[in-house]
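In case you want the letters, here they are:
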Amino acid sequence: MKSIHEQITEWADKYVPKFNELSVKYKTPYYTQSPLKDIDQAVDLMVIGINPKGNAGSGAQEKSVEEYTQGNPSWGDRFDAEGKICWNFNQRARFFLGHDNFCHPESIDDDKKVVWTNLSPFESKNGNNDLKKELMQVGLQSTLELIEILQPKRIVLLGINAFRQIEKAIGNNGKVEYSTVYSNVKSQVGRINQIPTVCVPHPSGQWEVSNKFISMFIFLHGLAEITNKKNVVKPLKDVVEIMQTEMRSWQDCVMIKEVTDE
């Protein structure tokens, strides 16, 4: 059986030539985020945005497999000299995941265990709104194949329509399912290839309820998924029910006493 490192290399061998061809065709740069070259085992988490912020049509790029799998050339510069995150997008997304602004190489900043990537590697200013359909489609295909290789324990999608886009790319073969949890909240929970997945608004967009609500939603989803049984994933409807029941309990049982000046 091929190692995960070998599978990543074969995946890049397949897609980098396609990315190069499309980059020339649409004169649009591309890159992935965190490095993939040193991953040698299944990862704990994949955080998947829409696509890199940049300028579609600003110029073509042709990369080697080695260059692409090294990730974003600026990835190592996301922390300042004091170890504090200085990228706004990454800072907000890390907060959604319950982390402060400082580097945590033992957890969220371990590039061998946490992969940051996008549905498409091609740049644009406004995500789905100005990215060519072909660039999104090939990106979706490549990202879905990368998920199969890396087999993350959990996926966080940043962008409220991500499940629908993935479903369209996969087709009706049962590999993706998703559901809203609260009737007036767009954030969703689901499965991609039976991997527990949560989908929340993009950090650059409008928050639902508040930024802390999104963190709570992500954390509560993680708790609801726990089975304490190896390789067992709950039915999605059970996860939704647990999250709904918990919210009702908060609403019914938690009281806040107003403090008045004496």
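The structure this text deals with has already been given above.
Bear in mind the structure is a predicted one, so any value in this text is a computation, not a measurement.

### Considering the environment of N55
- With respect to the helices, strands and loops of the structure, N55 is situated in the loop between β1 (45–49) and α2 (65–69).
- In sequence terms N55 and D110 are 55 residues apart; their C-alpha atoms lie 29 Å from each other.
- When residues no more than four places from it in sequence are discounted, the contact partners of N55 are P29, E123, S124 and K125.

### Some remarks on empty space enclosed by the protein
- Considering all chains together, one arrives at 1 cavity of 30 Å³ or more under this definition.
- Taken together, W11, Y31, T32, Y68, T117, N118, S120, P121, S142, T143 and L146 make up the full set of residues lining the largest cavity.
- The biggest single contributor to the lining of the largest cavity is helix α4 (residues 133–150), with 3 residues.
- Its residues assigned to classes, the lining of the largest cavity comprises 5 nonpolar, 6 polar and no charged.

### Side note on helix α5 (residues 162–170)
- Where α5 is concerned, the buried positions are A162, F163, Q165, I166 and I170. Down the axis, α5 shows its buried residues gathered within 160° of arc, on one side only.
- Looking at the buried side of α5, the elements it contacts are α4, β3 (154–158), β4 (176–180), β5 (188–192) and β6 (195–200).
- Following α5 by one or two positions, G171 adopts a phi angle in the positive range, close to 90°.

### Describing the nonpolar core
- In this structure, M46, L150, L157, I166 and I192 are the most contacted members of the largest nonpolar core, which totals 40 residues.
- Those elements that provide at least two residues to this core are α1 (4–26), β1, α2, α4, β3, α5 and β6.
- Considering each element in turn, this core owes the most residues, 9 residues, to α4.
- Listed in part, the 29 residues of the second largest apolar core include L45, V114, L158 and V198.

### Remarks on the packing of α1 against α4
- Their axes nearest at 10 Å, the elements α1 and α4 cross at an angle of 175°. The orientation of α1 with respect to α4, classified from their angle, is roughly antiparallel. Along the contact surface, α1 presents I4, Q7, I8, W11, K14, Y15, K18, F19, L22, K25 and Y26, while α4 presents E134, L135, V138, Q141, S142, E145, L146, I149 and L150.
- Taken together, the residues of the contact of α1 with α4 break down into 12 nonpolar, 3 polar and 5 charged.

### Digging into the pairing of β5
- Judged by how many residues are buried, β5 sits mostly within the fold: 5 of 5 residues are covered.
- With burial as the criterion, each face of β5 is covered, one bearing Q188, G190 and I192 and the other bearing V189 and R191.
- Two strands pair when backbone bridges link them, and β4 and β5 are joined in this way by 5 bridges, in the antiparallel orientation. Bridging from a neighbouring strand, V176 pairs with I192 of β5.
- Across 5 bridges, β5 lies against β6 in antiparallel orientation. Across the sheet, Q188 pairs through a bridge with C199, a residue of β6.
- Between β5 and β6, which pair antiparallel one after the other, the connecting turn spans 2 residues, and N193 there sits at a positive phi close to 55°.

Criteria and cut-off values
Residues numbered from 1 in each chain as written. Predicted model: local features only at pLDDT ≥ 70, side-chain atom pairs only at ≥ 80, totals over all residues. Heavy atoms only, no water. Helix = DSSP H or I, 4+ residues; strand = E, 2+ residues; numbered from the N terminus. Contact = heavy atoms within 4.5 Å. 1 Å grid on protein atoms, 1.4 Å probe; cavity = no way out; pocket = protein on both sides within 12 Å on 5 of 7 lines; lining within 4 Å. Points joined across faces, edges and corners; volume = space filled by probe spheres on them. Nonpolar A, V, L, I, M, F, W, Y, C, P; charged D, E, K, R; others polar. Buried < 20%, exposed > 50% of the residue type's maximum accessible area, 1.4 Å probe, protein only. Arc of directions from axis to C-beta. Core = buried A, V, L, I, M, F, W, Y, C linked by side-chain atoms within 4.5 Å. Axes fitted to C-alpha atoms, helices over the stretch in contact; angles between N-to-C directions. Parallel < 35°, antiparallel > 145°, perpendicular 65-115°, else oblique. Pairing = 2+ DSSP bridges.

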